[in-house]
Every structure is written in C-alpha cells, then in structure tokens.
Amino acid sequence: ARDIMDYYLSWDMAELPDAQKWYTEELLFINSKKSAWELYMPRTDENERSLVGGGYSFADFTRENLDFIPEGATQKLSNPKATWYFCAQASFKYHVTFDRILGDIQKQDPNAVLILIELTDPELKHMHPRISARLEKEGGVDLSRVAFIPRMAHYRLMAMYKLADVVLDSVYFGGDTTTREAFEVGAPIVTLPGKALGQRWTQAYYKVMGITKLIAKDTNDYIRIAIATANGSDAEKQALRASIKNAVFKKLYRNTKAAKLWADAILSVAYTPKRVQWRSPGDEKYEATRHDEL
C-alpha cells in the first residue's frame with residue numbers, strides 16, 4: 001500500500017522495537033511516554049451499571065442467579081468448587097496454540113470449568129461444531145467441563161468478568177476493548193503477547209497500569225499464571241482485583257493529553273513529507289492539486 005499510504009501510526013507501548021517488518025508502510029510510533037494513546041472512557045459507572053445499551057445494572061448478579069446462562073452450562077458451573085476460566089473472545093479467534101492451553105489448564109486444575117462464547121450468529125454458527133471438535137481433538141479439551149454461552153448484552157458480560165476467577169486472553173488474536181472493560185471490575189486477565197499488534201493490546205494496557213505479573217513469557221507460563229490466579233485465596237483475589245481496578249481508572253482512562261500525542265505525531269509527518277512537488281503559483285495543475293499536497 002506504499003503507493004497509497006506513506007506512514008502507519010501506531011502506539012509505541014503496543015509494538016515491538018522491530019515491528020517495522022510487519023508493515024508495508026513506514027511505521028511511526030506515537031511517543032506516548034508510557035501513557036494511554038487514546039481518550040479511553042469507562043463503559044460502566046461506580047454503581048456497576050452498564051453505560052452501553054440501556055444502562056442496566058449488573059451489581060446484583062451472583063454465581064447463583066445468572067439467569068441468562070443456558071441450562072446445560074449452568075449445570076457445569078453449579079459445582080461450588082469449580083474454578084471459572086472465562087474467555088470473552090469469539091471462538092473463531094482461537095489458534096490451536098490456545099486450544100492446547102485450554103486443555104492443559106483443565107488437566108492441571110481438576111476443578112477448572114472453561115466458559116467460552118458459543119457462535120450463534122446465523123453467519124457463524126456453522127463454525128461452532130467444527131471449533132468444538134478441534135478443541136477436543138487438537139487441544140485435548142474435555143468438553144464436559146466447558147460451558148458454552150451465547151453472546152451477551154453488555155451488562156451481563158460485565159457480570160461474567162466480575163464473577164470469573166480469571167479471564168483468559170485468546171492467544172495470537174487477543175482483546176482490546178474487551179480487555180479495558182474487564183479491567184473496570186478488576187478482572188485479572190492472563191495474556192501472552194505475540195509479535196504483531198493484534199496480539200499485544202492487553203500487555204500494553206498492563207504496562208501503562210504498572211502491572212506485569214499477569215503477562216506470560218510462554219505457553220507454560222500462561223498456564224501457570226492462570227491456574228495460580230484462579231486458585232488464589234479470597235484475600236489474594238480481592239487484593240488483585242482492587243489493584244487492577246484502581247490502576248485502570250488512575251492510569252489508563254481519561255488521558256486528556258492523548259489528543260496532543262496524536263497531533264504531535266501527525267505534525268511530525270507534515271513537517272517531513274515523503275513526497276513534495278514543487279510548482280509555481282498560477283500553474284493550473286498546481287492550483288487544482290495544491291490542497292492535496294503536503
């Protein structure tokens with residue numbers, strides 16, 4: 001796309017130093033000084049009410065009254081000893097590496113129940129049986145310990161983040177908006193950053209927030225962190241959630257300097273254009289095109 005775009009602007013916190021190799025355009029980093037690069041705003045309020053789609057409350061949901069969960073899934077989640085591992089990403093994002101992570105979590109945590117999103121949209125539902133079969137065959141996942149639930153209204157999704165023991169960021173195609181939403185209720189998200197941008201949002205947010213212990217180094221580390229987090233004591237879980245919730249509102253949201261970060265980056269491009277056409281005032285071609293030239 002070099003004949004169309006000269007530059008690609010990206011967030012320095014989300015990219016590797018050698019990320020240029022993943023782009024055809026020249027990559028320019030927005031120098032965020034370890035801050036959020038957008039004016040992110042909360043999608044819930046202090047009373048645990050969703051600010052998306054009607055303003056419904058999720059404050060009163062408990063593990064015992066999730067009336068939007070299908071009956072079959074409810075039975076799997078009813079064991080009081082169950083540890084809830086929730087992944088909010090659509091399953092078509094899963095890589096076989098993530099399939100195997102899920103299977104190994106089940107093998108190492110006998111109380112683990114995976115809560116995954118079932119594909120129910122008309123154009124996607126045909127994929128669900130195929131993905132389920134792959135999870136079982138390639139990942140070694142015990143489907144009897146998987147609670148598939150359909151996509152939910154936002155306030156119900158927030159309830160799941162609030163009640164899960166741990167949230168799993170899908171490997172190689174991870175969360176972005178979903179990550180920030182989960183942080184609003186202090187949900188601990190385990191992430192394994194890859195090399196490309198779509199794999200690195202969660203780790204970037206964590207680094208802005210000053211929390212790194214949930215960023216895995218490899219698949220084995222991911223499994224270890226997930227199991228340890230899900231099986232921590234009540235006091236440990238409460239402390240971790242409190243630290244995440246405090247950090248997201250203090251360091252990630254409402255960065256009023258974000259607009260200037262973009263302005264500085266765009267101006268740096270304008271001051272050093274890659275293509276300049278010198279024309280004389282009065283030239284008809286110049287007058288017709290000058291507004292399109294840097």
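Residues numbered from 1 in each chain as written. Predicted model: local features only at pLDDT ≥ 70, side-chain atom pairs only at ≥ 80, totals over all residues. Heavy atoms only, no water.

**Student:** What is the right way to read the environment of Ser 132 from this model?
**Tutor:** The residue Ser 132 is located in helix H3 (residues 127-139) in this model. A relative accessible area of 10% means that Ser 132 is categorised as buried. Linking Ser 132 and Ser 91, residues 41 residues apart in sequence, is a C-alpha distance of 9.1 Å. Apart from the residues within four sequence positions on either side, Ser 132 is in contact with Leu 143 and Phe 148. (Helix = DSSP H or I, 4+ residues; strand = E, 2+ residues; numbered from the N terminus. Buried < 20%, exposed > 50% of the residue type's maximum accessible area, 1.4 Å probe, protein only. Contact = heavy atoms within 4.5 Å.)

**Student:** Help me out: how do you make sense of the side chain of Gln 89 in this one?
**Tutor:** Within the secondary structure, Gln 89 sits in strand S3 (residues 83-90). Note on Gln 89: relative accessible area 6%, which makes it buried. At 2.8 Å, the side chain of Gln 89 and the side chain of Thr 178 are in polar contact. In contact with Gln 89, other than residues within four places in its own chain, are Tyr 94, Ile 117, Ser 170, Gly 174, Gly 175 and Thr 178. (Polar contact = N/O pair within 3.5 Å; in protein donor to acceptor, adjacent residues only side chain to side chain.)

**Student:** Help me out: how do you make sense of helix H9 (residues 258-271) in this one?
**Tutor:** For H9, built from 14 residues, the straight-helix expectation of 20 Å at 1.5 Å per residue is met to within 8% by its first-to-last C-alpha distance of 20 Å. Along its buried surface, H9 packs onto strand S1 (7-11) and strand S2 (26-30). (Expected span 1.5 Å × (residues − 1).)

**Student:** Is there a simple way to explain the pairing of S3 in this structure?
**Tutor:** A regular strand places its side chains so that they alternate between the two faces of the sheet. Taken across its eight residues, S3 has seven buried, putting it largely inside the fold. In this view, the connection linking S3 to its parallel neighbour strand S4 (residues 112-117) by way of helix H2 (residues 96-108) has right-handed handedness. Examined bridge by bridge, S3 and strand S6 (residues 166-168) share two bridges and lie parallel to one another. In the strand pairing of S6, Tyr 85 is matched with Val 166. (Right-handed = clockwise from strand over helix to strand, strands pointing away. Pairing = 2+ DSSP bridges.)

**Student:** Sorry, what's going on with the packing of aromatic side chains here?
**Tutor:** Centre distance and the angle of the planes are the two values used to describe a pair of aromatic rings. The full count for this structure, using the stated rule, is 15 aromatic pairs. With a centroid separation of 5.9 Å and an interplanar angle of 5°, the aromatic rings of Trp 11 and Trp 37 are classed as stacked. Remark: Trp 37 occurs in the loop between S2 and helix H1 (71-77) and Trp 11 occurs in strand S1; sequence separation between them is 26 residues. Comparing Trp 11 with Trp 37 shows no difference in burial state: the two are buried. (Phe/Tyr/Trp six-rings, centres within 6.5 Å; stacked < 30°, edge-to-face > 60°.)

**Student:** Whenever I open this one, the nonpolar core confuses me. Can you help?
**Tutor:** Looking at soluble globular proteins, one finds that nonpolar side chains tend to be buried together. Of all hydrophobic cores here, the largest spans 87 residues; its most connected members are Tyr 85, Phe 86, Met 160, Tyr 161 and Leu 168. Of the residues forming this core, the biggest block, seven residues, is contributed by helix H4 (residues 154-163). The contacts of Phe 86, once residues within four sequence positions are left out, are Ile 115, Ile 117, Ile 149, Met 152, Leu 157, Met 160, Tyr 161, Ala 164, Val 166, Val 167 and Leu 168. (Core = buried A, V, L, I, M, F, W, Y, C linked by side-chain atoms within 4.5 Å.)

**Student:** Hey, could you run me through the packing of helix H5 (residues 177-184) against helix H6 (residues 201-209) in this one?
**Tutor:** For any two helices packed against each other, the geometry comes down to the angle between their axes and how far apart the axes lie. The N-to-C vectors of H5 and H6 enclose an angle of 40°; their axes lie 9 Å apart at closest approach. Looking at the two axes, H5 sits oblique to H6. Here H5 runs over H6; the crossing is right-handed. Two secondary-structure elements touch here, H5 through Thr 179, Arg 180 and Phe 183 and H6 through Thr 202, Tyr 205, Tyr 206 and Met 209. A breakdown of the residues in the contact of H5 with H6 according to their chemical character gives four nonpolar, two polar and one charged. (Axes fitted to C-alpha atoms, helices over the stretch in contact; angles between N-to-C directions. Parallel < 35°, antiparallel > 145°, perpendicular 65-115°, else oblique. Left-handed = near helix turned anticlockwise from the far one by under 90°. Nonpolar A, V, L, I, M, F, W, Y, C, P; charged D, E, K, R; others polar.)

**Student:** Whenever I open this one, unusual backbone geometry confuses me. Can you help?
**Tutor:** Outside of glycine, negative phi angles account for most residues, and trans bonds account for most peptide bonds. Positioned with a positive phi, Glu 48 is a non-glycine residue whose angle comes to about 60°. Position of Glu 48 relative to the elements: it lies in the loop between S2 and H1. A relative accessible area of 19% means that Glu 48 is categorised as buried. Of note, the phi angle at Tyr 172 is positive, near 80°, even though the residue is not glycine. As for its placement among the helices and strands, Tyr 172 is situated in the loop between S6 and H5. Judged by its relative accessible area of 38%, Tyr 172 is partly exposed.

**Student:** I would appreciate a short explanation of the pattern of salt bridges in the present structure.
**Tutor:** Close approach of charged atoms allows side chains with opposite charge to pair. The final tally for this structure, using the stated rule, is eleven salt bridges. Where Glu 181 meets Arg 43, a salt bridge forms, and the shortest distance between an N and an O atom there is 2.4 Å. With a gap of 138 residues between them, Glu 181 in helix H5 and Arg 43 in the loop between S2 and H1 connect regions that are remote in the sequence. Exposure remark for Arg 43: the relative accessible area of 30% places this residue in the partly exposed category. With its nearest N and O atoms 2.5 Å apart, the salt bridge here joins Asp 99 to Arg 134. Here Asp 99 is found in helix H2, whereas its partner Arg 134 is found in helix H3, with 35 residues between them in sequence. Residue Asp 99 is classed as buried on the basis of its relative accessible area of 0%. For Arg 134, a relative accessible area of 27% corresponds to the partly exposed category. (Salt bridge = Lys/Arg side-chain N within 4 Å of Asp/Glu carboxyl O.)

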